[in-house]
Amino acid sequence: MRTPLTIIRGESEVLLRSQSAQLPDYKEVLQRVVDEVQHTTALIEDLMLVARSSAGQLKLNIHQFDLKNLLTDIQQVYQRKANAQQQEITLFLANQEAFIDADERRLRQVLMILLENALAYSPSQTCTEIHLLIREELVVIKVIDQGMGIPKEEQQQVFERFYRGNRGQTPGSGLGLPVAKAIIDGHGGHISLQPNSHGQGCTATVLLPILGVETA
């Protein structure tokens, strides 16, 4: 949180010291301040979510929805971002129905985190795959990228708050995966990150109970 606060203070102090600032200057600085405040607010919300999960107080809005529709929508949204980075996202859906009792908004957040990571850590001319599988009372979602991969010793550490490891060169707060884990844990599910068997990239796997956390 120090970085956005430093920017807010620095921009404000420069403007206050200026003897010749015009209206456009004030508007430009205020816009940067607003942007950093939004960034700080998002960080606080993520920290609060992880803290509530650790205390067993994460509240979820559970209802039934079609997971296939959510995955299709997410794939279409992120394909536009992938195109800008000369990447591709492919979606493989199970033949069975995939209605699930879960918090749709929070699961969307998890998928966004996983796809943001996959695109950020993968080079151009690569393809990220999303797989949906049905296993008895579980749904399995896999996000497979072709990025820098992850060492075995970091497979659990990446779910700790602010941990960056060998991914520290890529911008981020180190809260994305902890937030994803908090949401999946709240659903009575499981999330893991493992290197791909062929040696390039990694696979994020999400397991979720079809009938909700109470039944699980």
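Anything mentioned here points back to the structure above.
Residues numbered from 1 in each chain as written. Predicted model: local features only at pLDDT ≥ 70, side-chain atom pairs only at ≥ 80, totals over all residues. Heavy atoms only, no water.

(A) Main features of the overall build of the chain. Of regular secondary structure, the chain possesses 5 helices and 7 strands. Helices and strands appear in the chain in the N-to-C order α-α-β-α-β-β-α-β-β-α-β-β. Buried residues in the chain amount to 43% of all 216 residues. The long-range share in the chain, meaning contacts at least 24 apart out of those at least 6 apart in sequence, stands at 67%. Put simply, the chain shows about 12,300 Å² of open surface, and 51% of that area lies on carbon and sulfur atoms. (Helix = DSSP H or I, 4+ residues; strand = E, 2+ residues; numbered from the N terminus. Buried < 20%, exposed > 50% of the residue type's maximum accessible area, 1.4 Å probe, protein only. Contact = heavy atoms within 4.5 Å. Areas by Shrake-Rupley, 256 points an atom, 1.4 Å probe, with all protein chains shown as cover.)

(B) Layout of the environment of Asp 73. Inspection of the secondary structure puts Asp 73 in helix H3 (residues 67–84). For Asp 73, a relative accessible area of 29% gives the class partly exposed. Counting along the chain gives 35 residues from Asp 73 to Arg 108, while the straight-line C-alpha distance between them is 9.6 Å.

(C) The arrangement of the sheet that holds strand S2 (residues 88–92) in detail. Taking strand neighbours across the sheet as the criterion, the 5 strands line up as S2-S4-S5-S7-S6 in an open arrangement whose pairing is mixed. Where the open sheet ends on each side, the last strands, each with one partner, are S2 and strand S6 (190–195). This sheet shows a mean twist of 15 degrees between the axes of neighbouring strands, independent of strand direction. Sheet topology note: the S2/strand S4 (residues 127–135) ladder contains 5 bridges and is parallel. Across the sheet, the residue bridging to Ile 89 is Thr 128, located in S4. (Pairing = 2+ DSSP bridges. Axes fitted to C-alpha atoms, helices over the stretch in contact; angles between N-to-C directions.)

(D) Spotlight on the pattern of salt bridges. Enumeration over the complete set of coordinates arrives at 6 salt bridges. Residue Arg 32 pairs with Glu 11 through a salt bridge whose shortest N-O separation is 2.7 Å. With a gap of 21 residues between them, Arg 32 in helix H2 (residues 23–54) and Glu 11 in helix H1 (residues 2–17) connect regions that are remote in the sequence. Lys 81 is the partner of Glu 116 in a salt bridge, and the nearest nitrogen-oxygen pair spans 2.6 Å. Taken together, the residues span a long stretch of sequence, with Glu 116 in helix H4 (residues 104–121) and Lys 81 in helix H3 at a distance of 35 residues. Note on Glu 116: relative accessible area 30%, which makes it partly exposed. Taken together, the shared-partner salt bridges in this structure form one network comprising Glu 11, Glu 28 and Arg 32. (Salt bridge = Lys/Arg side-chain N within 4 Å of Asp/Glu carboxyl O.)

(E) How the structure looks around the nonpolar core. If you look at the biggest cluster of nonpolar residues, it comprises 44 residues, and the most contacted ones within it are Leu 67, Leu 114, Val 139 and Ile 141. Residue contributions to this core peak at 8 residues, all from H4. With near-sequence residues (within four places) excluded, Ile 141 lies in contact with Leu 67, Leu 71, Leu 111, Ile 130, His 131, Leu 132, Ala 204, Thr 205 and Val 206. In this structure, Leu 15, Ala 21, Val 29 and Val 33 belong to the second largest nonpolar core, which totals 5 residues. (Core = buried A, V, L, I, M, F, W, Y, C linked by side-chain atoms within 4.5 Å.)

(F) Representation of empty space enclosed by the protein within the structure. Scanning the model with the defined rule gives 2 cavities of 30 Å³ or more in all. The calculated volume of the largest cavity comes to roughly 70 Å³. Secondary-structure elements contributing two or more residues to the lining of the largest cavity are H4 and strand S7 (202–209). Of the residues in the lining of the largest cavity, the class split is 7 nonpolar, 1 polar and 2 charged. Taken together, Leu 107, Val 110, Leu 111, Ile 141, Ile 184, Val 206 and Leu 208 make up the full set of residues lining the second largest cavity. Take the lining of the second largest cavity: its biggest share by element is 3 residues, from H4. Across the lining of the second largest cavity, the residue classes tally to 7 nonpolar, no polar and no charged. (1 Å grid on protein atoms, 1.4 Å probe; cavity = no way out; pocket = protein on both sides within 12 Å on 5 of 7 lines; lining within 4 Å. Points joined across faces, edges and corners; volume = space filled by probe spheres on them. Nonpolar A, V, L, I, M, F, W, Y, C, P; charged D, E, K, R; others polar.)

(G) Broad picture of the environment of Gly 10. Here Gly 10 lies in helix H1. Residue Gly 10 is classed as partly exposed on the basis of its relative accessible area of 29%.

(H) Representation of H4 within the structure. Along its 18 residues, H4 runs 26 Å from first to last C-alpha, staying within 8% of the 26 Å computed at 1.5 Å per residue. Those residues of H4 not exposed but buried are Arg 106, Leu 107, Gln 109, Val 110, Leu 111, Ile 113, Leu 114, Leu 115, Asn 117, Ala 118, Leu 119 and Tyr 121. Sitting at the head of H4, Asp 103 places a side-chain oxygen 3.2 Å from the backbone nitrogen of Arg 105. (Expected span 1.5 Å × (residues − 1). Polar contact = N/O pair within 3.5 Å; in protein donor to acceptor, adjacent residues only side chain to side chain.)

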